[in-house]
Structures are given as C-alpha cells and as structure tokens.
Amino acid sequence: MLKKIVAALLAFVAFAASAQEAPDVLARRLMTEVIEIVKNDKAIQAGDQQRILDLVETKVLEHFDFARMTALAMGREWRSASADQRKALTNEFRTLLVRSYSNALSQYKNQTIDFKPLRMKPTDTDVIVRTEIRQPGAKPVSIDYEMIKSGDAWKVYDVMVAGVSLVTNYRETFAQEIRNGGIDGLIRSLSERNKQLAASKS
Amino acid sequence: MRGLRLLLALVCLGLSACASVPGERPDVDPWEGINRKVFAFNETLDKHALRPVAQGYEKVVPLPARTGVSNFFGNIEDLWTGVNNLLQGKPVDGGVDFGRFALNSTVGILGFFDVASEMELDKHEEDFGQTLGRWGVGSGPYLMLPFLGPSTVRDGFGKGADFLASPTQQIPGWQTRTGLTALGLINTRAQLLGADAALEQAALDKYAYLRDFYLQRRLSQIYDGRPPREDDFFDE
C-alpha cells in the first residue's frame, strides 16, 4: 500500500516537473489567451482603461520580473540603491510601464502573431522569445521578450519592440534624474509622473 | 571600418550598459540645446496642425481605405527599398522587394492591395541612411530636424537622398506631387496616433526618450534587427 502511494507521489512529482512550461510555450499560451479576451471585449477595444488594466493585472503581470526590469533600466546605479529605494523604484517603474503600455492592447485589430522557433538548451536560464506582428501594408514588427528562469518559473524582464528595448530606453533619463537629484530624486520624478497620469485619466 | 567602430562605441557609450559615463550625452547629442528648441517647435506644429489633421483623417476615412493608402505608398517605397538592399549587398532581399512591387502594382491594383505580404513575401524597410550605416559611415551627432523629426547627420543626408530618389518626386506637375506627399504625410502621422499616446505617457522626458528610441531603432535597422548587443551586467 505504502509502496503504491510513494509510486503515485513520485509519478506526480515527475509529471509536475515535466509540465513546467518552457518560456516560448508560456509566452504563446499567454498571448493567445489575452488576444482571445481582447477580441471578445468591446470595452477594451474602445479603450476602456480600467478593463485593460484589470486584464493585464490578472493575466499578465505575474509573469514579469519588475525588480529585474528596474535594475536593468538603472544600470550601475542599482547597486548604490538601498533596499527601500529599490522597492520604491520598482513600484513606481512598474506603475509607469503598466500604465503606458497596457493601452497598446486596445490597438489590437487583426494582426497576426508569428512565434519564431526558440532554440534553447535545457540548462539555459536566460532566453529571448521572438515574435513578429504582421499586418498588411507594413513591415512585420518584431516584439521580443527576454525571459529569465527564476526558481521554477520563467519571467519576462525586457521587451524589445522593433529592436528597441522599452526598458533600457529609460537608462539615460534615469541617469540624468539621478545626476540632478540622486536616487530619491528619481523616485520623486517617477511618482509625480504616475500621479499626473492617474489624475489625467481616472 | 572606422564607422563601424564609432557605431560600436555609440552602443557602448550611450545605448546600454556603460551608463556610468557622467555628464549629459556629448558623445551622441552635442547639439542638445538647439535640438531641444527645434523639438519644441516641431511639437507645437504637430499639436496645432499635423495631429489634428491626422485625427480628422482617421475619423473620416474608414480603415480599409486607410489601409489601401498605406499599401499604395508602401508599394512605391518598395522600389527604393530594393535599390538600397542591392546597395547593401543583399540581392535576395532586393529581389523580394522588386517582386513585391511587380506583384502589388498589377495583381494588387496599383499597390492598393498588399497581395505580396499575404503570399509571405515580407516587406522590408531600407533607406539610404541605413545603406550608409552598412557601408560603415558613422551616425554623427544626433540631429532634430525641423518638420522631419529625429535624425542624425548621416541620416539627414540619407533622408535627402531618399527624397530625391522617391518615385513620388518623379511625377510631373507639382500639384500632384505636393498632394501625394501631403497625403502620405497625413497617413503616416495617423498610423502613429496610437504609438504616440504610449510615448506621451511613458516618457519622463519626451525629448530624451524619443532620442534614445530613435538611436536604438536605427542601430537595430542597420543590423536588420540583430545589432551587436553586449551582455548587460548587474547584480541584485
């Protein structure tokens, strides 16, 4: 009896391990799900900000590593930030990115997404999942997701649109803010910006 | 070769990892003062003229018609794109571009329908600035052009060549030329209406955001989407 239970447990563990999603599978599943929702939601298509944010919050954000994104945007300055500062920076940067880029979902019309094959060794912990958005009359736009394995899960830490990193694009601005007002100055600027955006929309 | 080195230096200095370099960005944007003034001028112009017109255009002209207009101009562009691909030593890509033009101009009825894309003959985006970059010409300082927007010294020359070579400019009769150019401009601006909402929100400093975006984008274009990218260091 005990043997059977152990065997069942082992089988379950093995199953769970193999079921752990590869990064490209995860990205594909996620995008297919989200697009399906957008297609069937008139409010989102009309640009209803709250609905878009809700969708992104519940479906997408858990798969992003915002601390790492913030570190990447900060570059070397990340090292000199205290734990509290890092937390505040991550929070503000997360709010800014989510607010600014979630609305792109309402722009979705009938584009198709092509997933490029991912070549990856089982030992890899840092990969780029490459996709292409196609629409007639325009060159396909590449959207690449840089993903890292943290613990058991793969998380996105950079998004490159048409070859431009939406994260490192902030590096110069951040460096400038830090030169002008230190890390706390940057936190203040980010939080003021977020407050402005929240006030202008709501 | 020197140009290539300069480009690499650009990557290293400004665009990513080595952001430890203090000071503003004299390496890529030594004319920041005047550039910002030109940018402010462009912004005003856009706010009061181009954007409202583009918004009106988007409202009045239905999406299928706008797609047709985009296809029409895209089709004309494919010719010059093809020439640039040849100049960059990419005959296969150039062949695709000319094939697209032939197909779309005929089956696609003067280019209003992009049948080539549906047959997986993908559109490319090449211009003379990229060709110069491929040849090793460094970008030179960042340059905000009045009316035309973000550029560099090299890309400014490139834009001049693009303009002179554009098939639209070969059409006799200045009224037709101007009309087509204006329609192309409004149509392009209308396509950007979604993106500029995101830019408006995302940027702490719109000028710097746009500049860094433009420079990263051009670098990526010159290397056809695979620019040399050094590993980003950081520790948690």
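Above this text sits the structure in question.
Counting from 1, residues in each chain are numbered in the order their sequence is written. Both sets of labels track the order of writing: A upward for chains, 1 upward for ligands. Only residues with pLDDT of at least 70 are given local features in this predicted model, and only at 80 or more are side-chain atom pairs given and counted; all residues enter the totals for whole chains, interfaces and linings. To get the side-chain values, take all heavy atoms of the structure and skip hydrogens and water.

Residue and element names in this part refer to chain B. One bridge is not enough; two strands pair if DSSP finds at least two bridges between them. In this text, helices come from DSSP runs of H or I with a minimum length of four residues, and strands from runs of E with a minimum of two, each type numbered from the N-terminal end. The sheet contact formed by strand 1 (residues 142-145) and strand 2 (residues 149-152) spans 4 bridges and is antiparallel. Its bridge partner lying in strand 2, Leu143 is registered against Ser151. Connecting strand 1 to the antiparallel partner strand 2 that follows it, the hairpin turn spans 3 residues, and Phe147 within it adopts a positive phi of roughly 70 degrees.

A few words now on unusual backbone geometry. Residues and elements named next belong to chain B. Even without being a glycine, Ile109 presents a positive backbone phi close to 45 degrees. Structurally, Ile109 is set in the loop between helix 4 (91-106) and helix 5 (115-118). At Glu120, a residue that is not glycine, the phi angle is positive and equals roughly 65 degrees. One can find Glu120 in the loop between helix 5 and helix 6 (128-134). Note on exposure labels: buried denotes an accessible area under 20% of the residue type's maximum, exposed denotes more than 50%, and partly exposed covers the range between, all computed with a 1.4 Å probe on protein chains only. According to the relative accessible area criterion, Glu120 is exposed, its value standing at 59%.

Let's shift gears to the sheet that holds strand 3 (residues 141-150) of chain A. Working definition: the strands of a sheet are paired by backbone hydrogen bonds and lie parallel or antiparallel to each other. Residues and elements named next belong to chain A. Reading across the sheet, the 5 strands line up as 1-2-3-4-5 and stay open at both edges, with antiparallel pairing between neighbours. Single-partner strands in this sheet number two, and they are strand 1 (112-115) and strand 5 (164-165). Of the strand pairs in this sheet, strand 3 and strand 4 (residues 153-161) are connected by 8 bridges, and their pairing is antiparallel. Pairing of Asp144 across the sheet is with Met160, part of strand 4.

Right, let's get into helix 5 (residues 66-74) of chain A. Residues and elements named next belong to chain A. With respect to burial, helix 5 is a largely interior element, 8 of its 9 residues being buried. Buried within helix 5 are the following residues: Phe66, Arg68, Met69, Thr70, Ala71, Leu72, Ala73 and Met74. What makes two residues a contact is simply this: any of their non-hydrogen atoms within 4.5 Å. Looking at the buried positions of helix 5, the neighbouring elements they touch are helix 6 (83-102), strand 3, strand 4 and helix 7 (171-200). Distance and chemistry together define a polar contact, namely a pair of N or O atoms within 3.5 Å, with one atom able to donate a hydrogen and the other to accept it when in protein, and with adjacent residues in sequence counting only for side-chain atoms on both sides. The distance from a side-chain oxygen at the start of helix 5 to the backbone nitrogen of Ala67 is 3.3 Å, and the residue carrying that oxygen is Asp65.

What follows is about the pattern of salt bridges. A pair is scored as a salt bridge if a Lys or Arg side-chain nitrogen falls within 4 Å of a carboxyl oxygen belonging to Asp or Glu. Applying the stated criterion across every chain, the model contains 32 salt bridges over all chains. Between Arg29 of chain A and Glu21 of chain A there is a salt bridge, with its nearest N and O atoms 2.7 Å apart. On the accessibility criterion, Glu21 of chain A (26% relative accessible area) is partly exposed. Lys123 of chain B is the partner of Asp78 of chain B in a salt bridge, and the nearest nitrogen-oxygen pair spans 2.7 Å. Pair noted here: Asp78 of chain B is in helix 3 (residues 63-87) and Lys123 of chain B is in the loop between helix 5 and helix 6, with a separation of 45 residues, a long-range link. For the pair shown, Asp78 of chain B and Lys123 of chain B are each scored as buried.

Right, let's get into the environment of Ile34 of chain B. All names here are of chain B. Positionally, Ile34 belongs in helix 2 (residues 32-60). Look at Ile34 and you get exposed, because its relative accessible area is 52%. Spatially, the C-alpha atoms of Ile34 and Met144 are 8.4 Å apart, while their sequence positions differ by 110 residues.

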